[in-house]
Amino acid sequence: MSEFLQILQNDIKLLMHGYGDASCPLQESVELIESIVREQTYYLMCQLADISTLRESNSLDLEEILCLFRRNKVKLQRLLAYLKSRDMKSSIGKELAPDSDPDKGKRLKTAQQFLEAIDTAGSLIDVLEENLVDVAKQRRLLRQDMMSRTMSEDQYMKFHEARQINLGKRLKSPKVREYLFGDIEQQYKISPVCLEVVAYCMHETIAEIVDLAIMIRIETSATTDPLDRLKPLQNPVNPDWLAQRMTLTNDLTALSLLSSLNAAQNFGQPSDSMASYNAISPSDIREGLRRRAENLNLFHSQELYSKNKSELLCL
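The structure contained in this document is the topic of the report that follows. (Residues numbered from 1 in each chain as written. Predicted model: local features only at pLDDT ≥ 70, side-chain atom pairs only at ≥ 80, totals over all residues. Heavy atoms only, no water.)

The next point concerns the overall build of the protein chain. When helices and strands are counted, the protein chain shows 13 helices and 2 strands. Classification of the 315 residues of the protein chain by burial places 46% in the buried group. If you take every contact in the protein chain between residues at least 6 apart in sequence, the share linking residues at least 24 apart comes to 73%. In the form shown here, the protein chain has an accessible surface area of approximately 16800 Å², with 51% of it arising from carbon and sulfur atoms. (Helix = DSSP H or I, 4+ residues; strand = E, 2+ residues; numbered from the N terminus. Buried < 20%, exposed > 50% of the residue type's maximum accessible area, 1.4 Å probe, protein only. Contact = heavy atoms within 4.5 Å. Areas by Shrake-Rupley, 256 points an atom, 1.4 Å probe, with all protein chains shown as cover.)

Structure below.
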């Protein structure tokens, strides 16, 4: 295995823990998620390239990404909040380094101007200020809170470090970009802001996969009926808070039990086998993706998912 691929898998392993997996995820699951992230990232770049061609441009920038996100207001709001936080970080960096790139402090303004230009119905102009319910984000925050309650100080520090991983730093390497983007970079100029948002999409892809796998793990731990695995996930992408409230409550109950089990097994200094206790498995990942595709009427073949027919997990 090449050095950059090993570093990338190590980052994915930490991110899996940060999004809710065990402190030492299974290597088989890490390799499976890495392969999915690679395919999804390449597919994302192909879609951005198609949009750039339609706009008669030879560069990939923030505008192309916004074209993809515009149909999902909840995820668009989440993206704009990310851009706002990056702008705040850049403004602090400008005070420390006045010679930094000035365009990096205008991400949100650029995004809002573009959305205003393409928004003929007027539904996207104030999306950042809308009171939208982001169920997926709420679920992740609740899960992280439940996990952290049973951690020792050392375990929490590792958990905190895992949540700080930034894949954008890895995209600065030409080898990593070639591995993930294929020949896209040879045909299109990719802006630094676009690379930042592509890294954000990679994070969202990993988070979505972990979300689905943990849903499967919670379902299987809460039922004894073998036929339940044939049922679709309950509202996995439904943004309605009332429809999700009971699901979130059930998740909290199951997560509390799983956290208690992890705490009992990982008391003191955990061994490698204990650290992998209750880690999500490749079968959990495949089943979660299968049910998600089935719920969205995208399950057209026996493959995990078809790059030509399935949607991007980050959208």
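All right, on to the environment of Leu195 then. When you line up the elements, Leu195 lands in helix α10 (residues 192-222). On the basis of relative accessibility, which here comes to 17%, the residue Leu195 falls in the buried class. Leu195 sits 27 residues away from Gly168 along the chain, and the two C-alpha atoms are 6.9 Å apart. Discounting chain neighbours no more than four positions away, the residues touching Leu195 are Leu171, Arg177, Phe181 and Ile190.

Another aspect to go through is unusual backbone geometry. Here the phi dihedral of Glu56 falls at roughly 55 degrees; this positive angle occurs in a residue that is not glycine. Position of Glu56 among the secondary structure elements: in the loop between α2 (27-54) and β1 (59-60).

Moving on, we come to the packing of aromatic side chains. Tallying each qualifying case throughout the model produces 3 aromatic pairs. Stacked on the ring of Tyr179, the Lys or Arg Arg38 has its end atom at 4.0 Å from the ring centre. (Phe/Tyr/Trp six-rings, centres within 6.5 Å; stacked < 30°, edge-to-face > 60°. Lys NZ or Arg CZ within 6 Å of the ring centre and 35° of its normal.)

Let's shift gears to the packing of α2 against helix α3 (residues 62-69). The geometry of α2 relative to α3 is characterised by a closest axis approach of 9 Å and an angle of 105 degrees between their N-to-C directions. Between α2 and α3, the angle is such that the two are roughly perpendicular. Mapping the contact onto sequence places Leu44, Gln47, Leu48, Ile51 and Ser52 in α2 and Glu64, Ile65, Cys67 and Leu68 in α3. Of the residues belonging to the contact of α2 with α3, the class tally is 6 nonpolar, 2 polar and 1 charged. (Axes fitted to C-alpha atoms, helices over the stretch in contact; angles between N-to-C directions. Parallel < 35°, antiparallel > 145°, perpendicular 65-115°, else oblique. Nonpolar A, V, L, I, M, F, W, Y, C, P; charged D, E, K, R; others polar.)

This paragraph deals with the pattern of salt bridges. When charged atoms on two side chains of opposite charge get close, those side chains can pair. Taken as a whole, this structure holds 19 salt bridges when the rule is applied. Salt-bridge contacts for Arg292 lead to Glu208; the nearest nitrogen and oxygen are separated by 3.2 Å. Remark: Glu208 occurs in helix α10 and Arg292 occurs in helix α13 (residues 282-295); sequence separation between them is 84 residues. A single burial state applies to Arg292 and to Glu208, both of which are buried. We note a salt bridge from Arg290 to Glu287, for which the minimum N-O separation is 2.9 Å. With Arg290 and Glu287 both in helix α13 and 3 residues apart, this pair spans about one turn of that helix. Summarising the burial analysis for this pair, Arg290 and Glu287 share the class buried. Taken together, the shared-partner salt bridges in this structure form one network comprising Arg78, Asp134, Arg140, Arg143, Glu204, Glu208, Asp211, Arg292 and Glu311. (Salt bridge = Lys/Arg side-chain N within 4 Å of Asp/Glu carboxyl O.)

What follows concerns the nonpolar core. Core analysis: the largest hydrophobic core is formed by 70 residues, its most contacted members being Val198 and Ile206. Those elements giving two or more residues to this core turn out to be α1 (3-18), α2, α3, α4 (73-96), α5 (107-118), α8 (174-181), α10 and α13. With 17 residues, α10 is the single largest residue contributor to this core. Beyond its immediate chain neighbours, meaning those up to four positions away, Ile206 contacts Ile12, Leu15, Met16, Tyr19, Ile33, Val37 and Leu167. (Core = buried A, V, L, I, M, F, W, Y, C linked by side-chain atoms within 4.5 Å.)

These figures capture arrangement, not role.
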